[in-house]
Every structure is written in structure tokens, then in C-alpha cells.
Amino acid sequence: MKNVFKILMAAVLGLGLVGAAQAADEHRGTPDEATAMVKKAGAYLKENGKDKAIAAFNKPNGEFIKGDLYVFMFGMTGDKTGVALAHGQNPKMVDKNLLELNAGGVYPIKEFLKLANSPAGKGWVVYKWPNSISKNLEEKHTYIEKFGDVLIGVGIYK
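Calculation notes
Residues numbered from 1 in each chain as written. Predicted model: local features only at pLDDT ≥ 70, side-chain atom pairs only at ≥ 80, totals over all residues. Heavy atoms only, no water. Salt bridge = Lys/Arg side-chain N within 4 Å of Asp/Glu carboxyl O. Helix = DSSP H or I, 4+ residues; strand = E, 2+ residues; numbered from the N terminus. Buried < 20%, exposed > 50% of the residue type's maximum accessible area, 1.4 Å probe, protein only. Contact = heavy atoms within 4.5 Å. Polar contact = N/O pair within 3.5 Å; in protein donor to acceptor, adjacent residues only side chain to side chain. Pairing = 2+ DSSP bridges. Axes fitted to C-alpha atoms, helices over the stretch in contact; angles between N-to-C directions. Parallel < 35°, antiparallel > 145°, perpendicular 65-115°, else oblique. Left-handed = near helix turned anticlockwise from the far one by under 90°.

Enquirer: I'd like to hear about the pattern of salt bridges, residue by residue, with values.
Expert: Under the definition given, this model contains seven salt bridges. Across the pair Glu63 and Lys40 runs a salt bridge, and its minimum N-O distance is 3.4 Å. Of the two residues, Glu63 sits in the loop between helix 3 (50-58) and strand 1 (65-66) while Lys40 sits in helix 2 (residues 31-48), which places them 23 residues apart along the sequence. For Lys40, a relative accessible area of 41% gives the class partly exposed.

Written out as C-alpha cells, the structure is:
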């Protein structure tokens, strides 16, 4: 009887851990979390310089990735305009010019640049994008902010 009890307890504990892991994976970022992560990334960039920031933002499972939130950074000047300098979720995008990327009829990189170059230097862009957790195409709201000659963004899925 003791062995049956131990097996049942282990099964219950295991199911609880699986549920907790699934809940963590399904965490959807909030607008406040996205904004805070952009500001944290901008402060990191200012404090550590572009090279260290790029490495930190591109680091899998680093401090700039949380659930479905991740930092990206694009160049804004010269031959780096529209080039992904960092992308916390998709390293294949790094060092590519993505100005002509069409996401559901929206050119998000062009919209990011337009906002970054506006008097406010920051704002939100809405477009369709594959959710890094669910893998479904979903509406994404991305907050971007200008920091010198780059823009940093983090998006949330609605």
C-alpha cells in the first residue's frame, strides 16, 4: 500500500510541475512589461556599449528574454538602416536588412523607424507576427524606443 501511495504522490507532483511549466511557457507579456524591458535594454546599451548589448540581447535564455517577450535592436543610420543588430528570438534575422519585411500588409521595420525618428522617438506598432511560444500567427503590438543611432523594441501578442 505504501508503494501505491508513493506512486500516486509522485504522479500528482509530476503533473503539478508539468502544469507549472506549461503556465510559465504560456505567459503573455503585458504592455507594461514590454515597455519596462525596452527601457532596461536601453539602460544596458548606454551603460555597456553597443557590442556588449548586442551580445546580451542575442543570448538565448538571457535576461532579455522572458516568456513571449524578447528584445530586438535595429540600426537607424547609413548602411545599418533597417538591419537587425539583435533579435532575441530568431538569430537568423541578425545582420539582415529587413526594411521590406511585410507582416500582414504592414512593413513593421519601416513603421519602427518612422516612430523612432518622430519627435517622441517612441511608440507602438501593430502587425501580424508568429508567436514564439504558440507558433501561431497573431496580432502583435510592439513598443519601440530610439537610443542614439539604434531602436530597441519588445512586442506583446494580443
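Enquirer: Residue-level account of the environment of Arg28, with values.
Expert: Note that Arg28 resides in the loop between helix 1 (2-25) and helix 2. Residue classification places Arg28 among the partly exposed residues on the basis of a relative accessible area of 37%. Along the backbone, Arg28 and Lys66 are 38 residues apart, and their C-alpha atoms lie at a distance of 9.3 Å. Discounting residues that sit within four places of it in the chain, Arg28 has contacts with Glu33, Asp68, Asn131, Glu138, Tyr157 and Lys158. In terms of polar contacts, Arg28 uses its side chain to reach the side chain of Glu138, at 2.8 Å.

Enquirer: Can you lay out the sheet that holds strand 7 (residues 150-157) for me, pointing to particular residues and giving the numbers?
Expert: The sheet built from five strands is open, its strands ordered 4-3-7-6-5 with antiparallel pairing. Across the chains shown, the open sheet's two edge strands, defined by having one partner strand only, are strand 4 (84-87) and strand 5 (122-130). When strand polarity is set aside, the average angle formed by the axes of neighbouring strands in this sheet is 25°. In the sheet, strand 3 (residues 72-75) pairs with strand 7 via four bridges, with the strands oriented antiparallel. Pairing of Gly75 across the sheet is with Val150, part of strand 7. Its contacts with the sheet place helix 2 against strand 3, strand 5, strand 6 (137-147) and strand 7, and it is angled at close to 155° to strand 7. Packed onto the sheet, helix 4 (residues 108-116) meets strand 3, strand 5, strand 6 and strand 7 and runs at close to 175° relative to strand 5.

Enquirer: Please set out the packing of helix 2 against helix 3 residue by residue, giving values where relevant.
Expert: Two elements in contact, helix 2 and helix 3, have axes whose closest approach is 7 Å; the angle formed by their N-to-C orientations is 140°. Relative to helix 3, the element helix 2 lies oblique. Both helix 2 and helix 3 take part in a crossing whose hand is right-handed. In this structure, helix 2 contributes Ala41, Tyr44, Leu45 and Asn48 to the contact, and helix 3 contributes Lys50, Lys52, Ala53, Ala56 and Phe57.

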